[in-house]
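Observations on the three-dimensional arrangement
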Amino acid sequence: MRSSSFFHRRRRKFSSPQGRNQNLHRALRILSVVSPKLMENKGVLMTCPMSSYLEEQLQKRFRLLKLWDSQMKADFLKQNSQLISAVVGNTVLGADSELIDSLPNLEIVSSYSVGLDKIDLVKCKERGIRVTNTPDVLTDDVADLAIGLALATLRKISVADGFLRNGLWKNSDFGLTTKFSGKSVGIIGLGRIGSAIAKRAKAFGCPIGYHSRSRKPNANYKYYSSVIDLAANCQILVVACALTDETRHIVNREVIDALGPKGILINIGRGPHVDEPELVSALVEGRLGGAGLDVYENEPEIPEKLFQLQNVVLLSHVGSDTVETCKAMADLVLANLEAHFLGKPLLTPVV
Amino acid sequence: MPTKREDASTHPLASTIKLVFHCLPQTASSKKMDSNSIGVLMTCPMSPPYLEQELDRRYRLLRFWKFPQKTELLKPHSQEIRAVVGNATIGANAELIDALPKLEIVSSYSVGLDKIDLAKCKDRGIKVTYTPDLITDDAADLGIALILAVLRKIRGCDLFVRRGPVWKNGDFQLTSKFTGKSVGIIGLGRIGTAIAKRAEAFDCPISYYSRSEKADTNYKYYPSVIDLASNCQILVVTCSLTPETRHIINREVIDALGPKGVLINIGRGPHVDEAELVSALVEGRLGGAGLDVFENEPEAPEELFGLDNVVLLPHVGSGTIETRTAMADLVLGNLEAHFLNKPLLTPVV
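Residues numbered from 1 in each chain as written. Chains lettered and ligands numbered in written order. Predicted model: local features only at pLDDT ≥ 70, side-chain atom pairs only at ≥ 80, totals over all residues. Heavy atoms only, no water.

The name an unreviewed UniProt entry gives chain B is Glyoxylate/hydroxypyruvate/pyruvate reductase 2KGR-like isoform X1, with Coffea arabica as the organism.

You'll find chain A entered in an unreviewed UniProt entry as Glyoxylate/hydroxypyruvate/pyruvate reductase 2KGR-like, with Coffea arabica given as the organism. Regarding chain A, the UniProt comment filed under Sequence similarities (unreviewed entry) reads as follows: "Belongs to the D-isomer specific 2-hydroxyacid dehydrogenase family." (UniProt positions renumbered as here; feature names shortened; annotations may be inferred.)

Side note on the overall build of chain A
A count of helices and strands for chain A gives 13 helices and 12 strands. The buried share among the 351 residues of chain A stands at 58%. Considering only residue pairs separated by 6 or more positions, chain A has 58% of its internal contacts joining residues 24 or more positions apart. Working note: accessible area of chain A is about 15,500 Å², and carbon and sulfur atoms make up 49% of it. (Helix = DSSP H or I, 4+ residues; strand = E, 2+ residues; numbered from the N terminus. Buried < 20%, exposed > 50% of the residue type's maximum accessible area, 1.4 Å probe, protein only. Contact = heavy atoms within 4.5 Å. Areas by Shrake-Rupley, 256 points an atom, 1.4 Å probe, with all protein chains shown as cover.)

A few points about the sheet that holds strand β1 (residues 39-42) of chain B
Across a sheet, strands are paired by hydrogen bonds formed along the backbone, either parallel or antiparallel in direction. Residues and elements named next belong to chain B. Strand order in this open sheet of five strands is β2-β1-β3-β4-β5, and the pairing throughout is parallel. Each edge of the sheet is formed by a strand with only one pairing partner; in this case those strands are β2 (60-63) and β5 (127-129). Taken pair by pair, the neighbouring strands of this sheet meet at an average axis angle of 20°, ignoring direction. Pairing geometry for β1 and β2, over four bridges, is parallel. Each bridged residue has a counterpart across the sheet, and for Val40 the counterpart in β2 is Leu61. The sheet contacts of helix α3 (residues 50-58) involve β1, β2 and β3 (81-86), and relative to β2 the element is tilted by about 135°. The strands touched by helix α4 (residues 70-77) within the sheet are β1, β2 and β3, with β2 carrying the most contacts at an inclination of about 155°. (Pairing = 2+ DSSP bridges. Axes fitted to C-alpha atoms, helices over the stretch in contact; angles between N-to-C directions.)

As for the pairing of strand β1 (residues 43-46) of chain A
It is a general feature of regular strands that their side chains alternate between the two faces of the sheet. Residue and element names in this part refer to chain A. Residues Gly43 and Leu45 point to one face of β1 and Val44 and Met46 to the other, with burial holding for every one of them. Bridge count between β1 and strand β3 (residues 84-88): four bridges; the pairing is parallel. Within β3, the position partnered with Val44 by the bridge is Ala86. When β1 meets strand β2 (residues 63-66), the two strands line up parallel, connected through four bridges. Residue pairing in the sheet places Met46 in a bridge with Lys66 of β2. Handedness of the β1-helix α3 (residues 52-61)-β2 crossover: right-handed. (Right-handed = clockwise from strand over helix to strand, strands pointing away.)

Here's the deal with the environment of Val251(A)
Residues and elements named next belong to chain A. Along the chain, Val251 turns up in the loop between β9 (236-239) and α11 (253-259). By relative accessible area, which is 1% here, Val251 ends up buried. Separated by 63 residues in sequence, Val251 and Ile188 place their C-alpha atoms 9.5 Å apart. Excluding anything up to four places from it in sequence, Val251 contacts Ile188, Val239, Ile256, Leu265, His273, Val274 and Asp275.

Examining the UniProt feature "domain: D-isomer specific 2-hydroxyacid dehydrogenase NAD-binding" (unreviewed entry) in chain A
Taking the numbering used here, the UniProt-annotated feature "domain: D-isomer specific 2-hydroxyacid dehydrogenase NAD-binding" (unreviewed entry) corresponds to residues 147-319 of chain A. Counting secondary structure, residues 147-319 of chain A comes out at 29% helix and 14% strand; the distance between its end C-alpha atoms is 11 Å.

Some remarks on the sheet that holds strand β7 (residues 206-209) of chain B
All names here are of chain B. Spatially, the seven strands line up as an open sheet ordered β8-β7-β6-β9-β10-β11-β12, and their pairing is parallel. Only two strands of the sheet have a single neighbouring strand rather than two, namely β8 (220-221) and β12 (310-312). The sheet contact formed by strand β11 (residues 288-291) and β12 spans three bridges and is parallel. In the strand pairing of β12, Leu291 is matched with Leu312. The sheet strands contacting helix α9 (residues 190-200) are β6 (183-186), β7 and β9 (234-237), and the helix crosses β6 at an angle near 170°.

Some words on the interface of chain B and chain A
Chain B puts 63 residues into the contact, and the matching count from chain A is 62 residues. Counting the surface lost from both chain B and chain A, the interface buries some 5,400 Å², and carbon and sulfur atoms represent 59% of this. The largest share of the area that chain B buries against chain A comes from Arg152(B), Arg162(B) and Trp167(B), three residues that together contribute 14% of it. Scanning the region where chain B abuts chain A turns up nine salt bridges. Here chain B and chain A share 30 residue pairs in polar contact (both at pLDDT 80 or more) between them. Breaking the side of chain B that touches chain A down by element, the ones donating at least two residues are α7 (136-151), α8 (154-162), α9, β12 and α13 (321-339) of chain B. (Buried area = accessible area lost by both parts, 1.4 Å probe. Salt bridge = Lys/Arg side-chain N within 4 Å of Asp/Glu carboxyl O. Polar contact = N/O pair within 3.5 Å; in protein donor to acceptor, adjacent residues only side chain to side chain.)

Some points on unusual backbone geometry
With an omega of 5°, the peptide bond running from Glu299(A) to Pro300(A) counts as cis. By the element assignment, Pro300(A) lies in the loop between β11 (290-293) and β12 (312-314). Of note, the amide linkage connecting Glu297(B) to Pro298(B) takes the cis form, showing an omega dihedral of 5°. Assignment of secondary structure puts Pro298(B) in the loop between β11 and β12. Even without being a glycine, Lys153(B) presents a positive backbone phi close to 50°. Locating Lys153(B) in the fold gives a position in the loop between α7 and α8. The phi dihedral of Asp203(B) falls on the positive side, at around 60°, and the residue is not glycine.

With respect to the packing of helix α7 (residues 139-154) of chain A against α7(B)
Axis separation between α7(A) and α7(B) bottoms out at 9 Å; the angle between their running directions is 120°. Here α7(A) is positioned oblique relative to α7(B), judged by the angle of their axes. In the packing of α7(A) onto α7(B), the handedness of the crossing is left-handed. Counting all contacts with α7(A), which are made through Asp144(A), Ile147(A), Gly148(A) and Leu151(A), the residues of α7(B) involved are Asp141(B), Ile144(B), Ala145(B) and Leu148(B). Residues that form the contact of α7(A) with α7(B) fall into these classes: five nonpolar, one polar and two charged. (Parallel < 35°, antiparallel > 145°, perpendicular 65-115°, else oblique. Left-handed = near helix turned anticlockwise from the far one by under 90°. Nonpolar A, V, L, I, M, F, W, Y, C, P; charged D, E, K, R; others polar.)

The structure is reproduced here in structure tokens:
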């Protein structure tokens, strides 16, 4: 067993964002060397396909049960409920009240996500069930995507590429688009992801404003106590907060109107953050300048009216879907499970 | 408004009138009256229409593209033309300059000068102005936009969604992270520096190649493009086009960048040996490319059209309404300064 001072020395050395990830990876390597066979009989329920790498690793180390293997989910759970000590869920299918109730021996929910809106945290707390997620490792990818969406929307990257590939450049120039650098960016939620977005946008000379439940004392950015004020005072509004009952439809008709016909909405949070019918009609009617969306209210359905618009960019919830980050997220899920079953401190506990 | 070259008025109040006129808001009719005898040749249509409209308002504007036979324009009008407004597509080559004996200034609606025969202008004492700095941000933004679009396959995913209306979550392929990847920049001028500043915010280690090492930067210098390409994951071309930098990206550089490397070209098409680039991409010897420029615009290699690891743009580097309007104002400001015998705003040194 390594001594705690070993971890302490290593942690001090790696204090940068890359360093934090390296720290996690080192922990993983160490943990996984220790008695993997102890965990072979621990039943882990995976709720849906999310990562073939994660599935392989779970299969190797635990007794993996896949909820999607069976058409009759209720029966499947009934038959296997006693075996299941852990659930691995994600943003599509987490661990709701019904699932938790059906698993009497559930000890831990290790979510392959940073978002926790699909987990009944209250119930977990009551039952003493631990919950972990995958913060930090996906911060960069999601922040990168927010900037990628803003650039793609304003500079019409996809439309221009299509213009060229369809042979239209031979007959005319592509039209003018609108500049990104220097536009004011308003961020709803200045957590890890919001701060990472702000850091990137600043390098483009964008003045940054934000709204959050309370002012952040360490942030040099302008605080707005209401989302409407923020929207009225920025040209690019980015949704980057957690989804809770309070933040549902945080971007509503009034906020969209305040953002206005030259404003752009970027949503890398959750679909329900935005009143989608209002958003669609604002875009179709030209009351909103454009939107870059990675999430929707009823995924995987997307309002078809958006498909004809050239001032929107539509992605399929790929915020953290890079090879590098998916592996890092999977490793963190595994490390949290192993830490739990070995009686060690969880790496990224929520509850 | 009289200039030094024209006969100054002998009216006793001439200087007062001049001062008052200068202070009055210039009306369309007064401007036209003063300078509508100055012939300005615009080489091709340029967007937005603002520039053409203003040139037409202020000067006697001749539109080169309206004359399919160029001699039709040049023969009758060559004595009138004192200024040429060109751009990155059609500038002022030796033939055109030779055909315009009264040419005094070429005011380019671009920062690139490769379409202007600078040597000939120098010989003839013809002034040349351009629009530096204004496009720096747009070009740098586009460099980053291309990187993100290539690595994260933004267009591919958008098309995947629009094929819809329902996608199964997770079905689009995994892509590649940008943050933290090493970025190599060829040419650390205004645009190269602006790209470096942005990429640093994504925690990308920055390195560069340039004709000589820059004393005032912290970035790692490589004395050869091949060394730079071997030591970075994303290679960005952003130097000016000269005989030395033609095909600066050749087979060896592409091989050094490798099957996981990405090439971004926001310089000029001839910076890259396009045939080599195409075969490297088609054969998988290069990981991906984001291209805003091509060797034979508006032609682009059709072999690339079926690839999802490339982003192809129709030379939109500075194509934003804000920047083009500012560029137009700079072209107009330079012309005005010249004809008023004031110092040029942005002369080419």
